[in-house]
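Spelled out, the chains give:
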Amino acid sequence: MQANTVLHIGDNPASDVRVPRSLGINVLHYNVSAYVQNLYAIEYGFIKNDVEKGHNFRQLASLLNPYTVDKERFFFELGANVFGPLMWEFAHWCKEVAKTYKLSQINTVMREGRIFQKYLHKFDKNLDVNLIYASRKSTFLPSLDVKSFEKNNLNFYNYRQFSVENFYALFGLSIQNKEILKHKQTQLSKATFVRLGENSLFDLIAKDFQHSLDAIKKNAKKEKKRFLQYLQSCGYKPKSAFLDFGGTGTILQNIDTALPKKERAKLNLLFYMHESGYNKMSGTKTLSFLTFSQKNKPKLELLRRSPEFMEILFNGAHTTTIGYETTDAGTVVPITDKKQPHFQDLQSTIDAFDAGIDAFFSIAKSYDIGSVYTRELLLDMLFRLLKLPTY
């Protein structure tokens, strides 16, 4: 065989281009764009861990980028190079946890549940991954300890960021007092400084809630019953796990409190946990994929303060769950917030982002790569992205 009858295809400028060409072999240099190579160089300069490990699979996924529009190309690369490996290892972890603890099911909580369910199923279609619509707001009343609430009164400090109107709505109440109604948009933290004759707005609200205890107890009982019916209609299985994005695990704690003891999940799983969450959940049946340590503290605190870009990409066009309602047929369904007009424009971005993750999963499965990336490296990649937001 003559050298000039051979075609060598590769990505390395030296071993795949210069060397074979010097031997008279035809070459085809097949590599990621100069733009992506520059991004890798930035990543190498920032991350101290062994970023080379598994890097070739990210490159192969990047080569599958079909987009020509800059914004869509950007989000494909973000999915292929960062969140593809992240979701791949997260799926590995979830499957291992399910096996170790003999979980019958993983119940992933919306809105992040969208992406978790999709890629846990893509990783292993035999995993029983259930989608649950829940939020802090929708699980608040079902989990309210009425006896403790009545005995210890209400800690208004926990709700200081609420408007007066939203604060009432949280307990299933409407504002009847005309003086309070005039200030329904006032933030609760400022209610002390609003004078209404001899009383402050805060004083009026506190008195109103004391008079509304029976209504609050009735609302809590009704919403708890409705929420448990909803879980049952979703096919929830006890001895399973609930999975949420993370932080402090408030939603998972609310669900746990609402459920009868015999029907509670074996575990609560979080995608990440920061220091406050660690202190709150320590000693509970909670595991975290990206977990807190003193070494990881600065990285997780940055993630805690800037989760919005991840939440938007993870959630897609799904809005928060604001409650549950009983249909005419007697079934209980979730009520979600109205979609904003910009969600329609967001869809092409979400599709490109998901396509990047899909590309990585396709490469990872075709090469049967197993678990390649350490959680420490993945957290470093996220940290780099937050500090130097390029891709």
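To keep things clear, this report deals only with the structure shown in the data block. These numbers were taken from a predicted model, which means no experiment stands behind them.

**So, the layout of surface pockets**
Part 1 of the reasoning: Of the voids in this model, the second largest pocket is the one considered here, and its volume is about 460 Å³.
Part 2 of the reasoning: For the lining of the second largest pocket, the secondary structure elements donating two or more residues are helix H6 (136-140), strand E7 (241-247) and helix H12 (250-258).
Part 3 of the reasoning: For the lining of the second largest pocket, the element with the most residues is E7, which contributes four residues.
Part 4 of the reasoning: Here the residues of the lining of the second largest pocket sort into six nonpolar, nine polar and seven charged.

**A closer look at the packing of helix H2 (residues 34-46) against helix H17 (residues 375-387)**
Between two packed helices, both the angle of their axes relative to each other and the distance between the axes serve to describe the pair.
Part 1 of the reasoning: In the contact formed by H2 and H17, the axes pass within 10 Å of each other and the chain directions differ by 110 degrees. Compared by their axis directions, H2 and H17 come out roughly perpendicular. Remark: the crossing between H2 and H17 carries right-handed chirality. Along its contact with H2, which presents Ile42, Glu43 and Phe46, the element H17 presents Met381, Phe383, Arg384 and Lys387.

**Comments concerning the sheet that holds strand E3 (residues 106-110)**
Part 1 of the reasoning: What the five strands build is an open sheet, ordered E4-E3-E7-E8-E9; its pairing is parallel. Each edge of the sheet is formed by a strand with only one pairing partner; in this case those strands are strand E4 (129-133) and strand E9 (286-290). Across the sheet, the mean angle separating the axes of adjacent strands is 30 degrees when strand polarity is ignored.
Part 2 of the reasoning: Where strand E8 (residues 267-273) and E9 come together, four bridges link them in parallel fashion. Within the sheet, the bridge partner assigned to Tyr272 lies in E9 and is Leu290.
Part 3 of the reasoning: Against the sheet, helix H5 (residues 113-123) makes contact with E3, E4, E7 and E8, and its axis sits at roughly 170 degrees relative to E4, the strand it touches most.

**Observations regarding the packing of H5 against helix H15 (residues 308-315)**
Part 1 of the reasoning: Here H5 crosses H15 at 60 degrees, and the two axes come no closer than 7 Å. Between H5 and H15, the angle falls in the class oblique. In this structure, H5 contributes Arg114, Ile115 and Phe116 to the contact, and H15 contributes Leu313, Phe314 and Asn315.
Part 2 of the reasoning: Each residue belonging to the contact of H5 with H15 can be placed in one class, and the counts come to four nonpolar, one polar and one charged.

About the cut-offs
- Residues numbered from 1 in each chain as written.
- Predicted model: local features only at pLDDT ≥ 70, side-chain atom pairs only at ≥ 80, totals over all residues.
- Heavy atoms only, no water.
- 1 Å grid on protein atoms, 1.4 Å probe; cavity = no way out; pocket = protein on both sides within 12 Å on 5 of 7 lines; lining within 4 Å.
- Points joined across faces, edges and corners; volume = space filled by probe spheres on them.
- Helix = DSSP H or I, 4+ residues; strand = E, 2+ residues; numbered from the N terminus.
- Nonpolar A, V, L, I, M, F, W, Y, C, P; charged D, E, K, R; others polar.
- Axes fitted to C-alpha atoms, helices over the stretch in contact; angles between N-to-C directions.
- Parallel < 35°, antiparallel > 145°, perpendicular 65-115°, else oblique.
- Left-handed = near helix turned anticlockwise from the far one by under 90°.
- Contact = heavy atoms within 4.5 Å.
- Pairing = 2+ DSSP bridges.

By themselves, these figures tell us nothing about what the structure is for.
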